[in-house]
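Listed here are the chains, written in short residue letters.
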Amino acid sequence: MLTNELNAPESRRLLKVIDDMREILHYEKISLPHIVVVGDQSVGKSSVLEALSGVQLPRAQNICTRCPLELRMKNIPSTEPEYATIRCEAGANLNVSSKPIYLTVYKKDIQADLTLIDLPGITRNALVGQSKTIYKDIVQLIDHYIKPQTAIVLHVIPSSVDFTTSESIQLAKNTDPNCERQLIAVSKIDKFDKGIGEKLQGIGPGSMALKLGCVAVLNRTQEEIDQNIPFDEMRRREQQFFRSHKAFEDVPERYLGSGQLVKRLALIQQERIRSTLPSIIDELKKEIKSKKSELKQMPQQVTSEMDCWALYTDLIKKYREIINARVHGVYDNEIQLKIEAPVFATTDLSRTATLTQMSNDQFDERIAFQLYSRHKECREKLHNSFTHFSSSGYQKLVLKLLEENAGVALPNFPSFSIIERLYRAEQSKFRKPCEDLIQSCIEHLKVILIIILNQVFAEETSYKYQIIHRLTDIILRAIDESEERCSNDIKKMLEIEERVFTLDPYYMDTVNKIKKKWQEYHDSVKLNGNTKVPSTFTINDFVINVSGLSNEHQAALDVQIAMSAYCRVVERRIVDQVSQLCYYWFINRCALVLDSKLSSAFISAILFEWMREPFDQQQK
């Protein structure tokens, strides 16, 4: 009755599904129900498995002592021939391997379909040709198989050994401290000690009261192996052994014989499969969904140089389009990138600012906005660099120069050389704001252009380091070249500004406004007297103290007004020119044409070699 239930089509189908899944998902982190056979070396594991399966396992070749053996036992109708199949990838050396051997046995006398995973016996002494870490390797392999909560652990322990001292028991207790997933196959029962009946039932010294219990199995002797005694004869001898020894006469039948062990294992296996399969299916669905999503995000396969160039050209085109959008103020969601601190693929760290020195603005992808902000900052720096022309200290300086210039020009008409001398002192301040603007622009562009490069290639590829490294160097070189040319042009511009000259109407407009204000002040004094008129007035941020102006002070005031107005003209002129030059060299002649430089960065053979699909990607 029980055998028929265990061999029902539904039970056999479920076991086959689990077996197939275990093989397919061998390298995946999904725990499937399985029964693991563990024990020390030479405790009779192979004999127990032979008694269960009715098939003699290879011994001399050491093949089953160094890798997992997944033994699948299948019952077949009496009309079909018996056979077995074996598949393996274990290799020819004697070291421990995690790759299983799959042995499937199809026999008529198998009581119930059953799958067991036999692991290498625990040994501390390496054989000739084996790794010195053989013990550690085996323990790690055992731990890998017994750790999942879906695993059932079948310990093979000789009858004369204290069950509690078995090393496999100690290992299993690490993940199953209450021993709820463990049972013992008691081997070498013919060498039993006194009290074996109680010991099998979890009573007395050296026993263990396991939830899943113990079952004794009679091993074949070496003589029986040499005589090739059939396994059906061995089962008859096993039954006779337990009947003939008084030590077992009071032991319930379920504790004795390989047949009872098969039944118990098959029942445990079916219960485990039915109780865990729904959650396994749910976990698989989640994993499949995740893998499909990952597969969609993986780059297209590159199998030829033509495919390689097509993909590479598309990536460079996307890179150009994103830069073009950022330069022209397009920040829509379709091409929005996740901006993170880049990992520069160049070994020349001096060419890029360190991340600790970078402000948040450095990672702002809005190129147009950031350039505008930097131009404004340059204008403010330039404006603040000028002397406060309406200050009393500056007035004293001008009066001193006028005094030194006495006799050279008319008293009310200062020499032009005074203006030139005063302007030269201001001109030396122009270079620093311009240099700061250039440096700020190149630091921002280096960061952003490389970030965009990494993002574009990271989204589409898992390509090797060399591609990003080469392209990063090209970008940095292009920016460095633009920096040099821009600096040369700005240097020429500043040399041109050494001449005091302007046709800008802003200069005379400012001068005339101040003089008009001055005239209005005088008219007010004549009408109202000094007591009702303020002693200062301001125009275009120029403050004039007009109380008691002498002819000399009036001349100095004219110079002060001229210097203030002219320096504002120069400020406007420099800010416009330096901003235009930076945009021309860093944007028009660099960022917007980078794609042409990047497109010719590689020859076909090298690019194909670097963009070829990696092995781990092929495996996925």
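Residues numbered from 1 in each chain as written. Predicted model: local features only at pLDDT ≥ 70, side-chain atom pairs only at ≥ 80, totals over all residues. Heavy atoms only, no water.

Draft legend 1. How the structure looks around the confidence of the model for the protein chain. In this model, the protein chain carries a mean pLDDT of 84, and residues with pLDDT of at least 70 account for 85%. In this model residues 333-357 is a low-confidence stretch, pLDDT under 50, and it forms 52 contacts with partners more than four residues away in sequence or in other chains. (pLDDT = per-residue confidence, 0-100. Contact = heavy atoms within 4.5 Å.)

Draft legend 2. Spatial organisation of the packing of helix 13 (residues 416-427) against helix 17 (residues 551-588). Axis separation between helix 13 and helix 17 bottoms out at 11 Å; the angle between their running directions is 45°. With respect to each other, helix 13 and helix 17 are oriented oblique. Read as a crossing pair, helix 13 and helix 17 show a hand that is right-handed. Residues I418, I419, L422, Y423 and E426 of helix 13 lie in contact with helix 17, whose contacting residues are V559, A562, M563, Y566, C567 and V570. (Axes fitted to C-alpha atoms, helices over the stretch in contact; angles between N-to-C directions. Helix = DSSP H or I, 4+ residues; strand = E, 2+ residues; numbered from the N terminus. Parallel < 35°, antiparallel > 145°, perpendicular 65-115°, else oblique. Left-handed = near helix turned anticlockwise from the far one by under 90°.)

Draft legend 3. The packing of aromatic side chains, seen in detail. Under the definition given, this model contains 15 aromatic pairs. Pairing F241 with F242 gives two aromatic rings, centres 5.4 Å apart and planes at 75°, and the pair type is edge-to-face. Both rings, one in F241 and one in F248, keep their centres 5.9 Å apart while their planes meet at 50°; by these two values the pair is tilted. Members of the aromatic cluster, connected to one another through ring pairs, are F386, F389, Y394, Y423, F430, Y507 and Y566. Directly above the aromatic system of Y255 lies the positively charged group of R264, at a separation of 5.7 Å from the ring centroid. (Phe/Tyr/Trp six-rings, centres within 6.5 Å; stacked < 30°, edge-to-face > 60°. Lys NZ or Arg CZ within 6 Å of the ring centre and 35° of its normal.)

Draft legend 4. View of the pattern of salt bridges. For the structure shown, the criterion picks out 27 salt bridges. Ionic pairing is found between D118 and K45, a salt bridge with its closest N-O pair at 2.7 Å. Of this pair, D118 sits in strand 5 (residues 114-118) while K45 sits in helix 3 (residues 45-53), and the two are 73 residues apart along the sequence. Classification of K45 as buried rests on a relative accessible area of 8%. D109 is the partner of R235 in a salt bridge, and the nearest nitrogen-oxygen pair spans 3.5 Å. Within this pair, whereas R235 is found in helix 8 (residues 231-244), its partner D109 is found in the loop between strand 4 (101-107) and strand 5, the two being separated by 126 residues in sequence. Three or more residues are tied together by salt bridges with common partners; here these are D19, R22, E23, E70, R72, K74 and R87. (Salt bridge = Lys/Arg side-chain N within 4 Å of Asp/Glu carboxyl O. Buried < 20%, exposed > 50% of the residue type's maximum accessible area, 1.4 Å probe, protein only.)

Draft legend 5. Representation of the environment of L154. Tracing the chain through its elements places L154 in strand 6 (residues 151-158). Placed 115 residues apart in sequence, L154 and G39 show a C-alpha to C-alpha distance of 8.6 Å. For L154, the contacting residues outside a window of four places in its chain are I35, V36, V37, V38, L183, I184, A185, L261 and L265.

Draft legend 6. Broad picture of a positive patch on the surface. On the surface, R470, R477, R485, R589 and K597 cluster together into a patch of positive charge. With 3 residues, the top contributor of residues to the positive patch is helix 15 (residues 465-496). Among the structural elements, R477 can be located in helix 15. (Patch = residues over 30% accessible without salt bridge, like charges linked within 9 Å, V, L, I, M, F, W, Y side chains within 5 Å. Areas by Shrake-Rupley, 256 points an atom, 1.4 Å probe, with all protein chains shown as cover. Lys, Arg positive; Asp, Glu negative; His and termini not counted. Charge placed at Lys NZ, Arg CZ, Asp CG, Glu CD.)

Draft legend 7. The arrangement of the side chain of N405 in detail. Mapped onto the secondary structure, N405 falls in the loop between helix 12 (392-404) and helix 13. Here N405 falls in the buried class, since its relative accessible area comes to 13%.

Draft legend 8. Structural detail: the sheet that holds strand 7 (residues 182-187). Pairing in this open sheet of 8 strands is mixed, and the strands run 3-4-2-5-1-6-7-8 from one edge to the other. The outermost strands of the open sheet, each flanked by one partner alone, are strand 3 (83-88) and strand 8 (214-216). On average, each strand axis in the sheet is inclined to that of its neighbour by 20°, with strand direction left out of account. As paired strands, strand 3 and strand 4 are joined by 6 bridges and run antiparallel to one another. Along strand 4, the bridge assignment pairs Y83 with Y106. Strands strand 1 (34-38), strand 2 (69-75), strand 3, strand 4 and strand 5 of the sheet are contacted by helix 2 (residues 9-24), whose axis makes an angle of about 155° with strand 2. Sitting on the sheet, helix 4 (residues 134-146) is in contact with strand 1, strand 5 and strand 6, with an inclination near 155° to strand 1. (Pairing = 2+ DSSP bridges.)

Draft legend 9. Region of interest: the packing of helix 12 against helix 17. Packing of helix 12 against helix 17 brings their axes to within 9 Å, and their N-to-C directions diverge by 115°. Our classification of the angle between helix 12 and helix 17 gives roughly perpendicular. Here the hand of the crossing between helix 12 and helix 17 comes out right-handed. Residue-level contacts link Y394, Q395, V398, L399 and L402 of helix 12 to E552, H553, A555, A556, V559, Q560 and M563 of helix 17.

Draft legend 10. Representation of the state of the cysteines in the model. For the coordinates displayed, the defined rule picks out 0 disulfides. The thiol of C88 is not disulfide-bonded; the next cysteine sulfur, from C67, is found 7.2 Å away. There is no disulfide at C582, and the cysteine sulfur nearest it, in C486, is 4.0 Å away. Accessibility expressed as a relative area gives 2% for C582, which makes it buried. (Disulfide = S-S within 2.5 Å.)

Draft legend 11. Geometry of unusual backbone geometry. Even without being glycine, S42 reaches a positive phi, approximately 65°. Judged by its relative accessible area of 61%, S42 is exposed. For N228, which is not glycine, the phi dihedral falls at a positive 55°. Summarising the element assignment, N228 is placed in the loop between helix 7 (222-226) and helix 8. Residue classification places N228 among the exposed positions, given a relative accessible area of 55%.

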